[in-house]
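Spelled out, the chains give:
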Amino acid sequence: MQMEIMEILDAFPFYVMLVDGEHKILLANKAAKQHLGTRHRKIIGGYCPKVVHGIDGSIHGCPLKEAVEEGHAVEKELFDGPSGRWFHSAIYPIECKTEDGKRIFLHTIKDITEKKRMEEQLEEKNKELENIVYAATHDLRAPLVSIEGYVSLVARENRKKLDGNAAHYLERIGENTKQMEGLIQDLLELSRMGRIPLKFETCDAGTLIDEAPVSYTHLRAHETSLHLVCRLLLE
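Summary of the structure given here.

Procedures and definitions
Residues numbered from 1 in each chain as written. Predicted model: local features only at pLDDT ≥ 70, side-chain atom pairs only at ≥ 80, totals over all residues. Heavy atoms only, no water. Helix = DSSP H or I, 4+ residues; strand = E, 2+ residues; numbered from the N terminus. Buried < 20%, exposed > 50% of the residue type's maximum accessible area, 1.4 Å probe, protein only. Contact = heavy atoms within 4.5 Å. Core = buried A, V, L, I, M, F, W, Y, C linked by side-chain atoms within 4.5 Å. Expected span 1.5 Å × (residues − 1). Axes fitted to C-alpha atoms, helices over the stretch in contact; angles between N-to-C directions. Parallel < 35°, antiparallel > 145°, perpendicular 65-115°, else oblique. Left-handed = near helix turned anticlockwise from the far one by under 90°. Nonpolar A, V, L, I, M, F, W, Y, C, P; charged D, E, K, R; others polar. Arc of directions from axis to C-beta. Phe/Tyr/Trp six-rings, centres within 6.5 Å; stacked < 30°, edge-to-face > 60°. Lys NZ or Arg CZ within 6 Å of the ring centre and 35° of its normal. Salt bridge = Lys/Arg side-chain N within 4 Å of Asp/Glu carboxyl O.

**Quick word on the overall build of the protein**
And then number 1: On a plain count of helices and strands, the protein comes out with eight helices and five strands.
And then number 2: Taken from the N to the C terminus, the helices and strands of the protein come in the order α-β-β-α-α-α-β-β-β-α-α-α-α.
And then number 3: The buried share of the protein, taken over its 235 residues, is 27%.
And then number 4: Counting contacts in the protein only where the partners sit at least 6 residues apart, residues at least 24 apart contribute 40% of the total.

**What about the nonpolar core?**
And then number 1: Tyr 15, Met 17, Ile 25 and Val 52 are the most contacted members of the largest nonpolar core, which totals 21 residues.
And then number 2: Among the secondary structure elements, those contributing two or more residues to this core are strand E1 (15–20), strand E2 (25–28), helix H2 (30–36), helix H3 (48–53), helix H4 (63–70), strand E3 (74–80), strand E4 (85–97) and strand E5 (103–111).
And then number 3: When neighbours within four sequence positions are excluded, Tyr 15 is seen to be in contact with Asn 29, Ala 31, Ala 32, His 35, Leu 36, Val 52, His 107, Thr 108 and Ile 109.
And then number 4: One finds Met 6, Phe 14, Leu 18 and Leu 27 within the second-largest nonpolar core, a separate group that totals seven residues.

**Looking at helix H5 (residues 113–157)**
Think of an α-helix as turning once every 3.6 residues; residues three or four places apart then point the same way.
And then number 1: Between its terminal C-alpha atoms H5 stretches 66 Å, which fits the 66 Å expected from 45 residues at 1.5 Å a residue.
And then number 2: Where H5 is concerned, the buried positions are Thr 113, Lys 116, Glu 130, Val 133, Thr 137, Leu 144 and Val 151.
And then number 3: On its buried face, H5 sits against E3, E4, E5 and helix H6 (164–191).

**Structural notes on the packing of H5 against H6**
And then number 1: Here H5 crosses H6 at 165°, and the two axes come no closer than 10 Å. Taken together, the axes of H5 and H6 are roughly antiparallel relative to one another. Along this stretch, H5 crosses H6, giving a crossing that reads as left-handed. Note on element contacts: H6 touches H5 through Leu 170, Ile 173, Thr 177, Lys 178, Met 180, Glu 181, Ile 184, Gln 185, Leu 187, Leu 188 and Ser 191, opposite Glu 130, Val 133, Tyr 134, Thr 137, Leu 140, Arg 141, Leu 144, Ile 147, Glu 148, Val 151, Val 154 and Ala 155.
And then number 2: Taken together, the residues of the contact of H5 with H6 break down into 14 nonpolar, four polar and five charged.

**Quick look at H4**
And then number 1: Where H4 is concerned, the buried positions are Pro 63, Leu 64 and Ala 67. The arc enclosing the buried residues of H4, seen along the axis, measures out at 100°, which places them on a common side.
And then number 2: Packing partners of the buried residues in H4 comprise E1, E3, E4 and E5.
And then number 3: Just downstream of H4 lies Gly 71, where phi reads positive at about 75°.

**Let's talk about the packing of aromatic side chains**
And then number 1: Tallied over the full model, the rule gives two aromatic pairs.
And then number 2: Geometrically, the ring pair formed by Phe 12 and Phe 14 is tilted, given 5.4 Å between the ring centres and 50° between the ring planes.
And then number 3: For Phe 12, a relative accessible area of 35% puts it in the partly exposed group.
And then number 4: Ring centres of Phe 79 and Trp 86 lie 5.4 Å apart, and the angle between their planes is 55°; on these two criteria the pair is classed as tilted.
And then number 5: Above the face of the Phe 14 ring, Lys 110 is positioned so that its terminal group lies 4.7 Å from the ring centre.
And then number 6: Of note, Lys 116 hangs over the ring of Trp 86, and the distance from its end group to the ring centre comes to 4.5 Å.

**Structural notes on the pattern of salt bridges**
And then number 1: Across all of its chains, the model carries ten salt bridges by this definition.
And then number 2: Here Lys 102 ties to Asp 100 by a salt bridge, and the two come within 3.8 Å at their closest N and O atoms.
And then number 3: Residue Lys 102 is classed as partly exposed on the basis of its relative accessible area of 26%.
And then number 4: Looking at Asp 100, the relative accessible area reads 56%, which means it is exposed.

**Thoughts on unusual backbone geometry**
And then number 1: For His 23, which is not a glycine, the phi torsion comes out positive at approximately 70°.
And then number 2: By the element assignment, His 23 lies in the loop between E1 and E2.
And then number 3: Since its relative accessible area comes to 10%, His 23 is described here as buried.

**Quick word on the environment of Lys 102**
And then number 1: Turning to its location among the elements, Lys 102 is positioned in the loop between E4 and E5.
And then number 2: Sequence spacing of Lys 102 and Glu 22 is 80 residues, and the spatial spacing of their C-alpha atoms is 8.6 Å.
And then number 3: Setting aside residues no more than four positions away along its own chain, Lys 102 makes contact with Asp 20, Glu 22, Cys 96 and Lys 97.

Structural data, given as structure tokens:
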């Protein structure tokens, strides 16, 4: 049975170890031994912070210390200064105990340095995108302001001269201009979504369906179909 367990643990490409509450390593898989064995002759029975991080005391933010104190699983992302790398370190309490009655914990360590680098690159790209969108929305707003101003001027100075069709056309231009302003603002808000914390709240789906054609005028022509489809989905 022990051999089968080791075969399972050895299949993982990252560190998998069993440790007790005093940071003593009880078992280590092949990935841990291959990485640590060249520097440390003794892994099994060794002090985990010493074997893994080369220090004599518990590292700052060690998940094992918290797991022992709180009695639940703990997962953390930790930066290892000496190596300059990021690790996902996790501790999971298990029911087994050592012969002297100490609690046993499953300890996994994954190198996530590349993941963190990609996240940093993505953050930089998002900043660049936000700057581009901000500049674009500013440039798009400028002609809309002029259009609104001229439409208002024409309507005000030629109020008595305009027939019904002309007045209607000016009104439509004004409405479409406002709609375009709304779309530009939505685009700006969309570019900022990655920086805004998500807020969840309960809402009335029926009310949202009723308000959609009012808020988005291009949906008005399909209002009946929209209500029918949404009602069927809600039922």
